[in-house]
Amino acid sequence: MPPQMQNNMNHSAQVVQGSLDTLPQGVRDFVESNAHLCQPDKIHICDGSEEENKNILDCMVEQGMIKKLKKYDNCWLALTDPKDVARIESKTVIITPEQRDTVPIPKTGISQLGLWMSEEDFEKAFNARFPGCMKEPLVNNWPCNPEQTLIAHIPDRREIISFGSGYGGNSLLGKKCFALRIASRIAKEEGWLAEHMLILGITNPEGKKKYFAAAFPSACGKTNLAMMNPTLPGWKVECVGDDIAWMKFDEQGNLRAINPENGFFGVAPGTSVKTNPNAIKTIQKNTIFTNVAETSDGAIYWEGIDEPLGPGVTLTSWKNKEWTPEDGEPCAHPNSRFCTPANQCPIIDPAWESPDGVPIEGIIFGGRRPVGIPLVYESMSWQHGVFIGASMRSEATAAAEHKGKVIMHDPFAMRPFFGYNFGKYLAHWLSMAQRPAAKLPKIFHVNWFRKDKEGKFLWPGFGENSRVLEWIFNRISGEDNAKLTPIGYIPSEDAFNLKGLTDINMTELFGISKEFWEKEVEDIEKYFEVQVNADLPYEIEREISALKQRISQI
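Description of the structure in this document. Just so we're clear, the structure is a prediction, and the values are computed from it rather than from any experiment.

**Side note on the overall build of the chain**
Part 1 of the argument: Summing up its helical and strand segments, the chain has 15 helices and 28 strands in all.
Part 2 of the argument: At a minimum sequence separation of 6, the contacts of the chain that also span at least 24 residues come to 71%.
Part 3 of the argument: Approximately 25,300 Å² of the chain is accessible, and the part contributed by carbon and sulfur atoms is 51%.

**Some thoughts on the sheet that holds strand S5 (residues 92-95)**
Part 1 of the argument: If you trace the four strands from one edge of the open sheet to the other, you get S6-S5-S7-S8, paired in mixed fashion. Of all the strands in the sheet, just strand S6 (116-117) and strand S8 (159-163) have a single pairing partner and so form its edges.
Part 2 of the argument: Relative to S8, strand S7 (residues 150-154) runs antiparallel, the two sharing five bridges. Note on S8: the bridge partner recorded for Ile151 is Ser162.

**What to know about the packing of aromatic side chains**
Part 1 of the argument: Taken as a whole, this structure holds 25 aromatic pairs when the rule is applied.
Part 2 of the argument: On the numbers, 5.0 Å between centres and 70 degrees between planes, the contact of Phe130 with Phe163 is edge-to-face. Of this pair, Phe130 sits in the loop between helix H5 (119-129) and S7 while Phe163 sits in strand S8, and the two are 33 residues apart along the sequence.
Part 3 of the argument: On the basis of relative accessible area, Phe130 is assigned to the buried category, the value being 11%.
Part 4 of the argument: Judged by its relative accessible area of 7%, Phe163 is buried.
Part 5 of the argument: Between Lys176 and the ring centre of Phe417, over which it is positioned, the NZ or CZ distance is 4.7 Å.
Part 6 of the argument: Directly above the aromatic system of Phe473 lies the positively charged group of Lys210, at a separation of 5.4 Å from the ring centroid.

**What about the pattern of salt bridges?**
Part 1 of the argument: Within this structure, the stated rule accounts for 34 salt bridges.
Part 2 of the argument: For the salt bridge of Asp21 with Arg28, the shortest nitrogen-to-oxygen distance reads 2.7 Å.
Part 3 of the argument: The class of Asp21 is exposed, set by a relative accessible area of 60%.
Part 4 of the argument: Through salt bridges that share partners, Lys175, Lys176, Lys222, Asp243 and Glu261 make up one connected network.

**Some points on the side chain of Ser466**
Part 1 of the argument: Inspection of the secondary structure assignment puts Ser466 in helix H12 (residues 466-476).
Part 2 of the argument: Residue contacts for Ser466: discarding those within four places in its chain leaves Met228, Pro230, Thr231 and Leu232.

**With respect to the state of the cysteines**
Part 1 of the argument: This structure, assessed with the given rule, holds zero disulfides.
Part 2 of the argument: For the unlinked cysteine Cys133, the closest cysteine sulfur is that of Cys38, found at 3.8 Å.
Part 3 of the argument: A residue is classified by how much of its surface remains accessible, and Cys133, at 12% relative accessible area, is buried.
Part 4 of the argument: Here Cys220 stays unpaired: no disulfide links it, and the sulfur of Cys239, its closest cysteine neighbor, is 17 Å away.

**Here we look at the nonpolar core**
Part 1 of the argument: Residues Phe289, Trp302, Ile360, Phe412, Phe422, Ile472 and Phe528 are the most contacted members of the largest nonpolar core, which totals 125 residues.
Part 2 of the argument: Ranked by residue count, the leading element in this core is helix H14 (residues 514-532), at seven residues.
Part 3 of the argument: In this view, Phe412 contacts Glu195, Ala215, Phe365, Val386, Gly389, Ala390, Met392, Phe422, Tyr425, Leu426 and Trp429; residues no more than four positions away in its chain are not counted.
Part 4 of the argument: Counting residues in hydrophobic clusters, the runner-up holds 14 residues, among them Met117, Phe122, Phe130 and Ile161.

**Brief notes about a negative patch on the surface**
Part 1 of the argument: Negative charge collects at one region of the surface, where Glu98, Asp101, Glu119, Glu120, Asp121 and Glu123 lie side by side.
Part 2 of the argument: Ranked by residues supplied to the negative patch, first place goes to H5 with four residues.
Part 3 of the argument: Topologically, Glu119 is positioned in helix H5.
Part 4 of the argument: Look at Glu119 and you get partly exposed, because its relative accessible area is 41%.

**Some thoughts on the environment of Lys285**
Part 1 of the argument: Within the secondary structure, Lys285 sits in the loop between helix H9 (277-282) and strand S16 (288-290).
Part 2 of the argument: You can call Lys285 partly exposed: its relative accessible area is 39%.
Part 3 of the argument: Along the backbone, Lys285 and Ser336 are 51 residues apart, and their C-alpha atoms lie at a distance of 18 Å.

**A few points about the sheet that holds strand S20 (residues 322-323)**
Within a beta sheet, neighbouring strands are joined by backbone hydrogen bonds and run either parallel or antiparallel to one another.
Part 1 of the argument: Spatial strand order, S18-S17-S19-S20: four strands in an open sheet with antiparallel pairing. Among the strands making up the open sheet, the edge pair consists of strand S18 (300-301) and S20.
Part 2 of the argument: Examined bridge by bridge, strand S19 (residues 315-316) and S20 share two bridges and lie antiparallel to one another. Looking at S20, one finds that Thr316 is bridged to Glu322.

**Considering the packing of H14 against helix H15 (residues 538-552)**
Part 1 of the argument: Packing of H14 against H15 leaves a shortest axis separation of 10 Å and a crossing angle of 165 degrees. In this view, H14 runs roughly antiparallel relative to H15, as classed from their interaxial angle. In terms of crossing hand, the pair formed by H14 and H15 is left-handed. Where H14 abuts H15, its residues Lys514, Trp517, Glu518, Val521, Glu525 and Phe528 lie against Ile540, Ile544, Leu547, Lys548, Ile551 and Ser552.
Part 2 of the argument: Taken together, the residues of the contact of H14 with H15 sort by class into seven nonpolar, one polar and four charged.

**Some thoughts on H14**
Part 1 of the argument: Taking 1.5 Å per residue, 19 residues should reach 27 Å; H14 reaches 26 Å between its end C-alpha atoms and fits that length.
Part 2 of the argument: Burial in H14 covers these residues: Phe516, Trp517, Glu520, Val521, Asp523, Ile524, Tyr527, Phe528, Val530, Gln531 and Val532.
Part 3 of the argument: Those residues of H14 hidden inside the fold are in contact with strand S23 (376-378), helix H10 (382-390), strand S24 (393-395), strand S25 (407-409), helix H11 (422-431) and H15.
Part 4 of the argument: Sitting at the head of H14, Ser513 places a side-chain oxygen 3.3 Å from the backbone nitrogen of Glu515.
Part 5 of the argument: Downstream of H14 by a residue or two, Asn533 has a phi angle that is positive, lying close to 50 degrees.

**Remarks on the side chain of His196**
Part 1 of the argument: Position of His196 among the secondary structure elements: in the loop between strand S9 (193-195) and strand S10 (198-203).
Part 2 of the argument: A polar side-chain atom of His196 sits 3.1 Å from a polar atom in the side chain of Lys176.
Part 3 of the argument: At a separation of 2.6 Å, a polar atom in the side chain of His196 contacts the main-chain carbonyl oxygen of Ala413.
Part 4 of the argument: Excluding residues that lie within four positions of it along the chain, His196 makes contacts with Lys176, Leu180, Ala214, Ala215, Phe216, Lys222, Asp243, Ala413, Met414 and Phe417.

**Quick look at H10**
Part 1 of the argument: Counting buried positions along H10 gives eight out of nine residues, so the element sits mostly inside the fold.
Part 2 of the argument: Of all the residues in H10, the buried ones are Trp382, His384, Gly385, Val386, Phe387, Ile388, Gly389 and Ala390.

**Concerning the pairing of strand S28 (residues 488-491)**
Part 1 of the argument: Pairing of strand S27 (residues 482-485) with S28, which is carried by four bridges, proceeds in the antiparallel orientation. In the sheet register, Ala482 faces S28, and the bridge partner there is Pro491.
Part 2 of the argument: Hairpin remark: S27 followed by S28, antiparallel, with two residues in the connecting loop.

Reading the values: rules and limits
- Residues numbered from 1 in each chain as written.
- Predicted model: local features only at pLDDT ≥ 70, side-chain atom pairs only at ≥ 80, totals over all residues.
- Heavy atoms only, no water.
- Helix = DSSP H or I, 4+ residues; strand = E, 2+ residues; numbered from the N terminus.
- Contact = heavy atoms within 4.5 Å.
- Areas by Shrake-Rupley, 256 points an atom, 1.4 Å probe, with all protein chains shown as cover.
- Pairing = 2+ DSSP bridges.
- Phe/Tyr/Trp six-rings, centres within 6.5 Å; stacked < 30°, edge-to-face > 60°.
- Buried < 20%, exposed > 50% of the residue type's maximum accessible area, 1.4 Å probe, protein only.
- Lys NZ or Arg CZ within 6 Å of the ring centre and 35° of its normal.
- Salt bridge = Lys/Arg side-chain N within 4 Å of Asp/Glu carboxyl O.
- Disulfide = S-S within 2.5 Å.
- Core = buried A, V, L, I, M, F, W, Y, C linked by side-chain atoms within 4.5 Å.
- Patch = residues over 30% accessible without salt bridge, like charges linked within 9 Å, V, L, I, M, F, W, Y side chains within 5 Å.
- Lys, Arg positive; Asp, Glu negative; His and termini not counted.
- Charge placed at Lys NZ, Arg CZ, Asp CG, Glu CD.
- Axes fitted to C-alpha atoms, helices over the stretch in contact; angles between N-to-C directions.
- Parallel < 35°, antiparallel > 145°, perpendicular 65-115°, else oblique.
- Left-handed = near helix turned anticlockwise from the far one by under 90°.
- Nonpolar A, V, L, I, M, F, W, Y, C, P; charged D, E, K, R; others polar.
- Expected span 1.5 Å × (residues − 1).
- Polar contact = N/O pair within 3.5 Å; in protein donor to acceptor, adjacent residues only side chain to side chain.

Below is the structure:
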């Protein structure tokens with residue numbers, strides 16, 4: 001950096017904690033060049049101490065960015081600008097030399113599998129945003145610039161550059177940005193998998209334990225499954241992680257998974273003692289809540305919390321206004337969150353931080369499908385399992401910028417998180433079958449959300465989902481408890497544990513309609529043809545043809 005630039009930087013930004021002299025040269029260069037670019041008033045070099053943590057919290061309270069929740073130990077409430085409440089897929093881009101490095105070139109229209117930006121366009125976007133940006137005034141006591149928000153990834157340089165959003169999915173850059181988008185690209189190069197998957201361990205009454213990874217889109221009960229309280233006597237579930245899995249085959253051929261995160265960033269609405277008692281226990285201390293409602297006695301509140309308010313207790317909504325049910329809008333934003341340390345979870349797995357990871361024996365895909373898809377089925381092969389993951393569809397949620405209950409394609413629950421061309425991603429998954437001595441996990445699909453003609457759920461869900469895990473567990477153990485259907489293996493008669501449950505219509509839960517599946521495979525084929533186009537692996541084309549043939553014989 002030229003001396004005059006160094007001097008300008010020193011004049012404009014005061015180092016209020018630490019010293020630039022203590023930083024490694026590369027880090028110091030980064031700080032100095034970006035301070036010159038962004039023009040902050042002050043520079044604070046973190047030391048990670050508890051005193052520093054307290055000072056930062058005090059500063060944020062003073063600026064009106066957070067508020068202490070008096071009913072809990074070290075819990076805080078942040079209310080964001082109403083324009084900065086979720087991930088914004090339309091403003092999340094990946095920069096590569098060629099478009100096809102990032103997304104397949106669709107046959108028609110624009111790609112739904114990621115957003116590419118050219119290096120030239122990104123340079124213009126960068127220069128329009130960053131110079132002098134830290135001199136901008138705070139709006140609504142929240143650091144954001146919604147009109148200019150941009151979350152950019154440069155995989156070739158392993159860089160993430162985020163502007164204009166203080167919301168978690170756009171500003172917690174170690175999460176979706178690094179641990180999925182950048183990491184999936186690194187995983188492709190190095191021969192492993194970075195996936196949008198929970199990891200759980202399940203132990204049967206005989207004390208035998210197995211680990212599963214599971215990929216669900218948002219609002220499909222991912223955190224609830226990761227922290228499940230099984231209703232089946234003698235079964236135990238333990239949580240390794242609820243959102244991201246990095247998986248690699250070891251020298252013995254076992255697929256081992258780690259959770260690269262230190263905590264949970266869960267959706268608050270719908271979380272209750274009934275739906276997820278372990279999450280409720282986890283968030284009682286050391287937690288940041290975003291865009292939930294606050295009670296007048298200093299507690300949190302949201303839709304579906306399933307707890308009555310005490311006498312005389314009133315609510316302030318996420319918009320910081322007095323709220324009553326007559327207001328006609330939710331008290332908490334549908335995408336409001338809790339951010340909490342994983343080690344506080346009462347069922348955290350003893351091996352959750354093991355550097356070797358845990359051995360994955362089953363992979364579960366799932367989606368929110370009100371009709372047509374059985375409660376659980378198993379793939380016929382690894383290739384068929386990859387096709388099932390690629391074919392995932394689910395009702396859209398608050399995080400996806402779509403209105404209404406449209407059924408969206410969400411392959412591998414990774415549609416917003418692919419770090420490179422989805423066709424190449426599929427080829428990478430398929431290549432695992434060619435690994436010498438690889439013990440490939442069995443692959444399953446679940447759907448807790450099938451409804452009857454009156455619109456009522458056919459399956460009770462939550463802790464009762466342990467019955468589905470029991471069947472999957474026994475399948476992996478080699479039990480002959482399944483029958484083959486055109487879409488895969490489903491539980492054979494009397495193989496599914498319904499003890500203690502009443503009024504479960506197994507025929508409807510597992511029914512496979514020829515009319516529904518003809519339409520389903522037609523939609524999937526069209527999606528692949530248009531969106532993946534020339535990059536679709538031939539193995540997937542073969543699976544489509546085979547499924548069509550099997551359905552025609554129903």
